[in-house]
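The primary structure of each chain is shown beneath.
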Amino acid sequence: MPIHNYHTAIVTGAANGIGAASVRMLCTAGLNVLSIDKDVDALSKLKDETGCQIMVMDLQKTDQIYERLESYQCDVLINNAGLAHDLSAGFLGATPSQVDEMLTVNVSAAVHVIRALLPSMITRKSGHIIEMGSVASLYALGLPVYSATKGAIHSLSRALRIELNGTKIRHTEICPGRTSTSFFQSAFPDKKARSSFVDQIRNLDPEDIAAAINFALSAPLHVNVSTIELTPVDQAPGARVISK
Ligand SMILES: NC(=O)c1ccc[n+]([C@@H]2O[C@H](COP(=O)([O-])OP(=O)(O)OC[C@H]3O[C@@H](n4cnc5c(N)ncnc54)[C@H](OP(=O)(O)O)[C@@H]3O)[C@@H](O)[C@H]2O)c1
């Protein structure tokens, strides 16, 4: 079913997990979707499956973000790319380059992608930015660097809502709890540790997040759904350690 007069969308971190589910949802709704990721193989498969356009880009390269995106007119931005390294390694266990990658992809790239695409939205007085936050931005989970990056996204979202006031551009922050994706492969490189964490409870599926995005996009155009927090039933607000 079409979503308002939205025709074009850009999804970052589109090749896997929540991003790929979002691409499928948007393509089903009839939007022309540009999927951006650095995972070439998964992007190609997604293109074959959905008919989306693809762009291979490492979002750590700030210059490329502006060079390659500034000319795009997109109605919907799903600013989704992100990762965690410190879930199992901890604050001091993550290497400096892993810390830099989290800060760069989760925060800097998210900011630069918006800055590259926003001028055209402002000119057209239309657009919807979906920001991928996390329950880690709302509750203390004990993941200092990852939480700091998602806390920054939370603050960015709140402040942008003020700055965008009067432009007709809508902005939604989605704060998912644990969702079954490849996110946990970098978060828990050790397979045993990963499966004991991931298999602990019935996690959300990426499609659950895509449905929440669809809800925010489909709300009447005079309605801004500012924040959606969704968790598995068995995950108490934010909690990383689940006791039954
Ligand atoms: N899964 C959860 O429990 C959960 C919960 C709350 C919030 N989130 C957030 O949801 C978002 C999506 O995560 P996900 O769970 O769907 O993880 P995912 O399955 O790992 O998907 C993330 C995608 O982003 C891509 N990516 C990472 N760094 C990139 C870069 N420098 N340039 C371009 N693409 C890059 C990854 O590519 P590669 O595969 O090549 O690395 C991957 O395709 C993230 O912002 C995450 O923080 C996830």
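Worth saying up front: this structure is predicted, and the values here are computed from it rather than measured. (Residues numbered from 1 in each chain as written. Predicted model: local features only at pLDDT ≥ 70, side-chain atom pairs only at ≥ 80, totals over all residues. Heavy atoms only, no water.)

Comments concerning the nonpolar core
Then, in step 1: Ranked by size, the top nonpolar core spans 41 residues in total, and within it I10, I36, L59, I65, L69, L77 and I129 carry the most contacts.
Then, in step 2: Looking at this core, the elements with two or more residues in it are strand 2 (32-37), helix 3 (62-69), helix 5 (96-124), helix 6 (144-163), helix 7 (183-187) and helix 8 (191-198).
Then, in step 3: Among the elements that line this core, the one with the most residues is helix 5, at ten residues.
Then, in step 4: Sequence-distant contacts of L59, defined by excluding residues within four places in its chain, comprise T12, I36, I65, A81, A109 and V113. (Core = buried A, V, L, I, M, F, W, Y, C linked by side-chain atoms within 4.5 Å. Buried < 20%, exposed > 50% of the residue type's maximum accessible area, 1.4 Å probe, protein only. Helix = DSSP H or I, 4+ residues; strand = E, 2+ residues; numbered from the N terminus. Contact = heavy atoms within 4.5 Å.)

Things to note about the site of the ligand
Then, in step 1: In the vicinity of the ligand there are 29 residues, among which D37, N80, Y146, T179 and T181 approach most closely.
Then, in step 2: Between D37 and the ligand, the recorded distance is 2.7 Å, taken from a side-chain N or O atom to an oxygen atom.
Then, in step 3: Calculation on the ligand without its partners gives an accessible area of 890 Å², and the protein chains cover 91% of this total.
Then, in step 4: In a pocket analysis with a 2 Å cut-off to the grid points, the ligand is assigned to the largest pocket.
Then, in step 5: Counting only elements with at least two residues in the shell around the ligand, the list comes to helix 1 (17-28), helix 6 and helix 7.
Then, in step 6: Taken together, the residues that form the shell around the ligand break down as eleven nonpolar, twelve polar and six charged. (Near = heavy atom within 4 Å. Polar contact = N/O pair within 3.5 Å; in protein donor to acceptor, adjacent residues only side chain to side chain. Areas by Shrake-Rupley, 256 points an atom, 1.4 Å probe, with all protein chains shown as cover. 1 Å grid on protein atoms, 1.4 Å probe; cavity = no way out; pocket = protein on both sides within 12 Å on 5 of 7 lines; lining within 4 Å. Sits in = over half its atoms within 2 Å of the grid points. Nonpolar A, V, L, I, M, F, W, Y, C, P; charged D, E, K, R; others polar.)

Describing the side chain of R170
Then, in step 1: Residue placement: R170 occurs in strand 6 (residues 170-176).
Then, in step 2: For R170, which is buried and forms no salt bridge, the nearest opposite charge comes from D75, at a distance of 11 Å.
Then, in step 3: A polar side-chain atom of R170 sits 2.8 Å from the main-chain carbonyl oxygen of V223.
Then, in step 4: Dropping the residues within four chain positions of it, R170 is found in contact with H4, Y6, G127, H128, I129, A216, L217, A219, P220, L221, V223 and N224. (Lys, Arg positive; Asp, Glu negative; His and termini not counted. Salt bridge = Lys/Arg side-chain N within 4 Å of Asp/Glu carboxyl O.)

Topic: helix 5
One turn of the α-helix equals 3.6 residues, which is why residues spaced by three or four share an orientation.
Then, in step 1: Given a rise of 1.5 Å per residue, 29 residues ought to cover 42 Å, and the 41 Å separating the end C-alpha atoms of helix 5 matches this to within 8%.
Then, in step 2: Backbone geometry just downstream of helix 5 places K125 in the positive-phi region, at approximately 50 degrees. (Expected span 1.5 Å × (residues − 1).)

Some remarks on the sheet that holds strand 1 (residues 8-12)
Strands in a sheet are paired, the pairing made by backbone hydrogen bonds, and the direction either parallel or antiparallel.
Then, in step 1: Ordered by their spatial adjacency, seven strands build an open sheet running 3-2-1-4-5-6-7, and the pairing between neighbours is parallel. Looking at the sheet topology across the chains shown, the edges are occupied by strand 3 (53-56) and strand 7 (227-230). Between one strand axis and the next, the sheet turns by 15 degrees as a mean value, whatever way the strands run. (Pairing = 2+ DSSP bridges. Axes fitted to C-alpha atoms, helices over the stretch in contact; angles between N-to-C directions.)

Some thoughts on the pattern of salt bridges
Then, in step 1: Under the criterion given, the structure shown has three salt bridges.
Then, in step 2: For R202, the salt bridge is made with D205, and the minimal N-O distance between the two is 3.1 Å.
Then, in step 3: Residue R202 is classed as exposed on the basis of its relative accessible area of 54%.

A look at the packing of aromatic side chains
Then, in step 1: A full pass over the atoms with the stated rule returns five aromatic pairs.
Then, in step 2: Relative to F184, the ring of F183 has its centre 5.2 Å away and its plane inclined at 85 degrees; by these criteria the two rings are edge-to-face.
Then, in step 3: For F184, a relative accessible area of 6% corresponds to the buried category.
Then, in step 4: Aromatic ring contacts, followed pair by pair, group Y146, F183, F184, F188 and F197 into a single cluster.
Then, in step 5: One Lys or Arg, R178, reaches over the ring of F197 and ends 4.0 Å from the middle of that ring. (Phe/Tyr/Trp six-rings, centres within 6.5 Å; stacked < 30°, edge-to-face > 60°. Lys NZ or Arg CZ within 6 Å of the ring centre and 35° of its normal.)

Concerning the pairing of strand 7
Then, in step 1: The alternating pattern of strand 7 places I228 and L230 on a buried face, while none of T227 and E229, on the opposite face, is buried.
Then, in step 2: Pairing of strand 6 with strand 7 involves four bridges; the strand directions are parallel. Within the sheet, the bridge partner assigned to C175 lies in strand 7 and is E229.

Some remarks on empty space enclosed by the protein
Then, in step 1: In the structure shown here, the tally under the stated rule is one cavity of 30 Å³ or more.
Then, in step 2: Around the largest cavity, the lining residues are T12, L59, N79, N80, A81, V105, A109 and A110.
Then, in step 3: Ranked by residues supplied to the lining of the largest cavity, first place goes to helix 5 with three residues.
Then, in step 4: Grouping the amino acids of the lining of the largest cavity by side-chain chemistry returns five nonpolar, three polar and no charged. (Points joined across faces, edges and corners; volume = space filled by probe spheres on them.)

Considering the layout of surface pockets
Then, in step 1: Here the largest pocket defines a volume of roughly 940 Å³.
Then, in step 2: G82, L83, T181, S182 and F183 are the residues nearest the centre of the largest pocket, which is lined by 41 residues in total.
Then, in step 3: For the lining of the largest pocket, the elements supplying multiple residues, two or more each, are helix 1, strand 2, helix 5, helix 6 and helix 7.
Then, in step 4: If one sorts the elements of the lining of the largest pocket by residue count, helix 7 sits on top with four residues.
Then, in step 5: Among the residues forming the lining of the largest pocket, the class breakdown is 18 nonpolar, 15 polar and eight charged.

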